[in-house]
Amino acid sequence: MEIVSSLLSSALEKIFQLSGLIRNGMNTKPMEEKALDVYDVIRSIRDPEKPNTLEELEVVTEKCVEIQELNEDEFLIIIRFSPTVPHCSLATLIGLCIQVKLQRCLPFKHKLEIYISEGTHSTEEDINKQINDKERIAAAMENPNLREIVEQCVAEPDD
């Protein structure tokens, strides 16, 4: 009986490992679930000039979040957002808001890359460089006016 129990236990653990529910004996969420968790964090960010959220404006969608496992306990999060118009002057600010909110809210170790979806902005390459430059992000958050706008955008809505 003990041998059967041991075999059954080993078989179940192997099934869970292969399905992504358990890795190296530790419970972890599958990548899709982590991506949904990330999306839940960014979808409520408010647009800097409209009373809507990024989700309502379809600037972010569930499909814009990609998660890759870097190692056992670290993940690469890639966000591709779509500004509402190709000449959006606030695209960099939206990227900054996404960056700040994720840095504050994610409970797991991660690296973050944020991009404008290809073909959705006239200066996407320049903006992509800006929103992934740690020094520029730090400098932007030192500006009290910019910091106040970011704080308003990332504040949780009152329910």
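What you are looking at is a predicted structure, and each value in this text was computed from that prediction instead of being measured.

Participant: How should the overall build of the protein chain be read in this particular structure?
Facilitator: When helices and strands are tallied, the protein chain shows six helices and five strands. When the elements of the protein chain are put in sequence order from the N terminus, they spell out α-β-β-α-β-β-α-β-α-α-α. Going through the 159 residues of the protein chain one by one, you find that 36% of them count as buried. In the protein chain, once contacts between residues fewer than 6 apart in sequence are set aside, the share between residues at least 24 apart is 58%. Of the accessible surface of the protein chain, which amounts to about 10,000 Å², a share of 51% is contributed by carbon and sulfur atoms.

Participant: What should I look at first to understand the environment of Asp 37 in this one?
Facilitator: Structurally, Asp 37 is set in helix 2 (residues 31–42). Residue class for Asp 37 comes out partly exposed when judged on its relative accessible area of 28%. Remark: the alpha-carbon pair of Asp 37 and Val 65, spanning 28 residues in sequence, is separated by 9.7 Å.

Participant: Is there a simple way to explain the nonpolar core in this structure?
Facilitator: In summary, soluble globular proteins display a tendency toward joint burial of nonpolar side chains. Counting 39 residues, the largest nonpolar core has Ile 42, Ile 79 and Ile 98 as the members making the most contacts within it. When contributions to this core are tallied by element, the ones reaching two or more residues are helix 2, strand 3 (65–71), strand 4 (74–81), helix 3 (91–105), strand 5 (109–116), helix 4 (124–131), helix 5 (134–142) and helix 6 (144–154). Looking at this core, the element that brings in the most residues is helix 3, giving eight residues. Residues within four places of Ile 42 in sequence aside, it is in contact with Leu 54, Val 60, Cys 64, Val 65, Ile 79, Ile 98 and Leu 102.

Participant: Which parts of the structure should I look at to understand unusual backbone geometry?
Facilitator: Among all residues except glycine, the phi angle is most often negative; among peptide bonds, the trans geometry is most common. With phi around 60°, Glu 58 is a residue other than glycine that occupies positive phi space. Checked against the element boundaries, Glu 58 lands in the loop between helix 2 and strand 3.

Participant: What is the right way to read the packing of aromatic side chains from this model?
Facilitator: What describes a pair of aromatic rings is the distance from one ring centre to the other and the angle between the planes of the rings. As enumerated under the stated definition, the model contains one aromatic pair in all. The interplanar angle of 80° and the centroid separation of 5.4 Å between the aromatic rings of Phe 75 and Phe 108 together place this pair among those described as edge-to-face. Residue Phe 75 is found in strand 4, and its partner Phe 108 is found in the loop between helix 3 and strand 5; the two are separated by 33 residues along the sequence. When sorted by exposure, Phe 75 lands in the same class as Phe 108, which is buried. Positioned over the ring face of Phe 108 is Lys 34, at 4.3 Å from the centre of the ring.

Participant: Sorry, what's going on with the pairing of strand 4 here?
Facilitator: The element strand 4 is extensively covered by neighbouring structure, given that seven of its eight residues are classed as buried. Two successive antiparallel strands, strand 3 and strand 4, enclose a turn made up of two residues. Judged from the eight bridges that link them, strand 4 and strand 5 form a sheet pairing that is parallel. Residue Leu 76 lies in a different strand from strand 5, and its bridge partner there is Lys 111. Following the backbone out of strand 4, through helix 3 and into the adjacent parallel strand 5, one traces a crossover that is right-handed.

Reading guide: rules and limits
- Residues numbered from 1 in each chain as written.
- Predicted model: local features only at pLDDT ≥ 70, side-chain atom pairs only at ≥ 80, totals over all residues.
- Heavy atoms only, no water.
- Helix = DSSP H or I, 4+ residues; strand = E, 2+ residues; numbered from the N terminus.
- Buried < 20%, exposed > 50% of the residue type's maximum accessible area, 1.4 Å probe, protein only.
- Contact = heavy atoms within 4.5 Å.
- Areas by Shrake-Rupley, 256 points an atom, 1.4 Å probe, with all protein chains shown as cover.
- Core = buried A, V, L, I, M, F, W, Y, C linked by side-chain atoms within 4.5 Å.
- Phe/Tyr/Trp six-rings, centres within 6.5 Å; stacked < 30°, edge-to-face > 60°.
- Lys NZ or Arg CZ within 6 Å of the ring centre and 35° of its normal.
- Pairing = 2+ DSSP bridges.
- Right-handed = clockwise from strand over helix to strand, strands pointing away.

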